[in-house]
Amino acid sequence: MDIKAKLIKAFDSGKVKAVFDVTLDDKFAIHGVKLVTGEKGDFVSMPYDSWKDKNGQVQRSNWVHPLDRQTRAELHRAVTDAYLAHTPSPGNSDLPFNI
């Protein structure tokens, strides 16, 4: 599967590092995919809906999600690569970063 990620917005602070649009095989688009810093490292958060159940507990349901580990890994790699391509590093600190 060909997975492409386009960085939409990056953040300088907070747990959310950036928001992306992702396309799958140039045929399916997913908007609002996030790269998030977690306790065990960065992870990809898919768009989701949240609501309170009858007991007042917040419930969450992803709109879309990978069905296997390989696809999840490919998605993570595409999002991370897109983020790193637009983030200045010590080797290319002279590049502008205006998002």
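For the structure, see preceding data.
The rules behind the values
- Residues numbered from 1 in each chain as written.
- Predicted model: local features only at pLDDT ≥ 70, side-chain atom pairs only at ≥ 80, totals over all residues.
- Heavy atoms only, no water.
- Helix = DSSP H or I, 4+ residues; strand = E, 2+ residues; numbered from the N terminus.
- Contact = heavy atoms within 4.5 Å.
- Core = buried A, V, L, I, M, F, W, Y, C linked by side-chain atoms within 4.5 Å.
- Buried < 20%, exposed > 50% of the residue type's maximum accessible area, 1.4 Å probe, protein only.
- Pairing = 2+ DSSP bridges.
- Axes fitted to C-alpha atoms, helices over the stretch in contact; angles between N-to-C directions.

(A) Geometry of the side chain of Glu74. Tracing the backbone through its elements, the reader meets Glu74 in helix H1 (residues 69-85). Residues in contact with Glu74, not counting those within four places in the same chain, are Met1 and Ile3.

(B) Broad picture of the nonpolar core. Ranked by size, the top nonpolar core spans 16 residues in total, and within it Phe20, Val22, Val33, Leu75 and Val79 carry the most contacts. Put simply, the parts of the chain that give this core at least two residues each are strand E1 (3-10), strand E2 (16-24), strand E3 (28-38) and H1. Looking at this core, the element that brings in the most residues is H1, giving 5 residues. Ignoring anything within four residues of it in the chain, the contact list for Leu75 reads Ile3, Val22, Val44, Met46 and Pro66.

(C) Looking closely at the environment of Asn62. By secondary structure assignment, the location of Asn62 is in strand E6 (residues 58-62). On the basis of relative accessible area, Asn62 is assigned to the partly exposed category, the value being 32%. The spatial distance from the C-alpha of Asn62 to the C-alpha of Met46 is 6.3 Å, given a sequence separation of 16 residues. The residues contacting Asn62, other than those within four sequence positions of it, are Met46, Pro47 and Tyr48.

(D) Spatial organisation of the pairing of strand E5 (residues 48-52). In this structure, E5 lies alongside E6, joined through 5 bridges in antiparallel fashion. By the bridge assignment for E6, Lys52 is matched with Val58. Between E5 and E6, which pair antiparallel one after the other, the connecting turn spans 5 residues, and Gly56 there sits at a positive phi close to 85°.

(E) Just the sheet that holds E2, in detail. Strand order in the open sheet made by the 4 strands is E1-E2-E3-E4, with antiparallel pairing throughout. Where the open sheet ends on each side, the last strands, each with one partner, are E1 and strand E4 (41-45). Across the sheet, the mean angle from the axis of one strand to that of its neighbour is 30°, orientation sign disregarded. Of the strand pairs in this sheet, E1 and E2 are connected by 7 bridges, and their pairing is antiparallel. From the neighbouring strand, Ala5 faces E2, where its bridge partner is Val22. Each of E1, E2, E3 and E4 touches H1; the most contacted strand, E1, lies at about 45° to it.

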